[in-house]
Amino acid sequence: SVVHAAASHLLERAGKRVRPLCVAMAARVGSGFSPQARELAVAVELVHTATLLHDDVVDLGETRRGAATVRAVFGNAASIYAGACCLLRLSTSPL
């Protein structure tokens, strides 16, 4: 679907590892990297991705880190729906 392709366009870009890595490192300081910590790391990245997708619509962003934004490639509606799908994934997560 267009929405899946739109979300993948942003999620597959490099640099999507810093926030989950911070969660993993913090978990190791505590009780260890558990399945719950993994889910939290995924949740942090999904929320961040959703905000980027929505932000590019609000500020009419054409590029992000040198690449075309989702809204520039797929349009505003696809960018909004892709961000919503990222947030929806959170609501179905066992977190």
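Look up a bit, the structure's there.
A brief report on the enclosed structure follows. (Residues numbered from 1 in each chain as written. Predicted model: local features only at pLDDT ≥ 70, side-chain atom pairs only at ≥ 80, totals over all residues. Heavy atoms only, no water.)

## As for the pattern of salt bridges
Move 1: The tally for this structure, following the rule as stated, stands at 5 salt bridges.
Move 2: In this structure, arginine 64 engages aspartate 55 in a salt bridge whose closest nitrogen and oxygen atoms are separated by 3.4 Å.
Move 3: Aspartate 55 gets classed as partly exposed once you look at its relative accessible area, which sits at 35%.
Move 4: Linking arginine 64 and aspartate 56 is a salt bridge whose minimum nitrogen-to-oxygen distance equals 2.6 Å. (Salt bridge = Lys/Arg side-chain N within 4 Å of Asp/Glu carboxyl O. Buried < 20%, exposed > 50% of the residue type's maximum accessible area, 1.4 Å probe, protein only.)

## Here we look at the packing of helix α1 (residues 2-11) against helix α5 (residues 76-91)
When two helices pack together, their arrangement is given by the angle between their axes and by how far apart the axes lie.
Move 1: As a packed pair, α1 and α5 sit with axes 8 Å apart at the nearest point and diverge in direction by 80°. Classified by the angle their axes make, α1 and α5 are roughly perpendicular. On α5, the residues that touch Val2, Val3, Ala6 and Ala7 of α1 are Ala78, Tyr81, Ala82 and Cys85.
Move 2: A breakdown of the residues in the contact of α1 with α5 according to their chemical character gives 8 nonpolar, no polar and no charged. (Axes fitted to C-alpha atoms, helices over the stretch in contact; angles between N-to-C directions. Helix = DSSP H or I, 4+ residues; strand = E, 2+ residues; numbered from the N terminus. Parallel < 35°, antiparallel > 145°, perpendicular 65-115°, else oblique. Contact = heavy atoms within 4.5 Å. Nonpolar A, V, L, I, M, F, W, Y, C, P; charged D, E, K, R; others polar.)

## With respect to the state of the cysteines
Move 1: Overall, the coordinates contain 0 disulfides when judged by the stated rule.
Move 2: Of all cysteine sulfurs, the one in cysteine 86 lies closest to cysteine 85, which takes part in no disulfide; the gap is 7.3 Å.
Move 3: Given a relative accessible area of 42%, cysteine 85 falls into the partly exposed group. (Disulfide = S-S within 2.5 Å.)

## A few points about the environment of valine 47
Move 1: For valine 47, the position within the fold is in helix α3 (residues 35-58).
Move 2: Judged by relative accessible area, valine 47 falls into the partly exposed class, the value being 36%.
Move 3: Residues in contact with valine 47, not counting those within four places in the same chain, are Leu87 and Leu90.

## So, the nonpolar core
In summary, soluble globular proteins display a tendency toward joint burial of nonpolar side chains.
Move 1: Membership of the largest hydrophobic core is limited to 11 residues, which are Ala6, Ala7, Leu10, Leu46, Ala50, Leu52, Leu53, Val70, Ala78, Ala82 and Cys86.
Move 2: Counting residues per element, the ones that place at least two in this core are α1, α3 and α5.
Move 3: If near-sequence neighbours (up to four positions away) are discounted, alanine 78 is found in contact with Val2 and Ala6. (Core = buried A, V, L, I, M, F, W, Y, C linked by side-chain atoms within 4.5 Å.)

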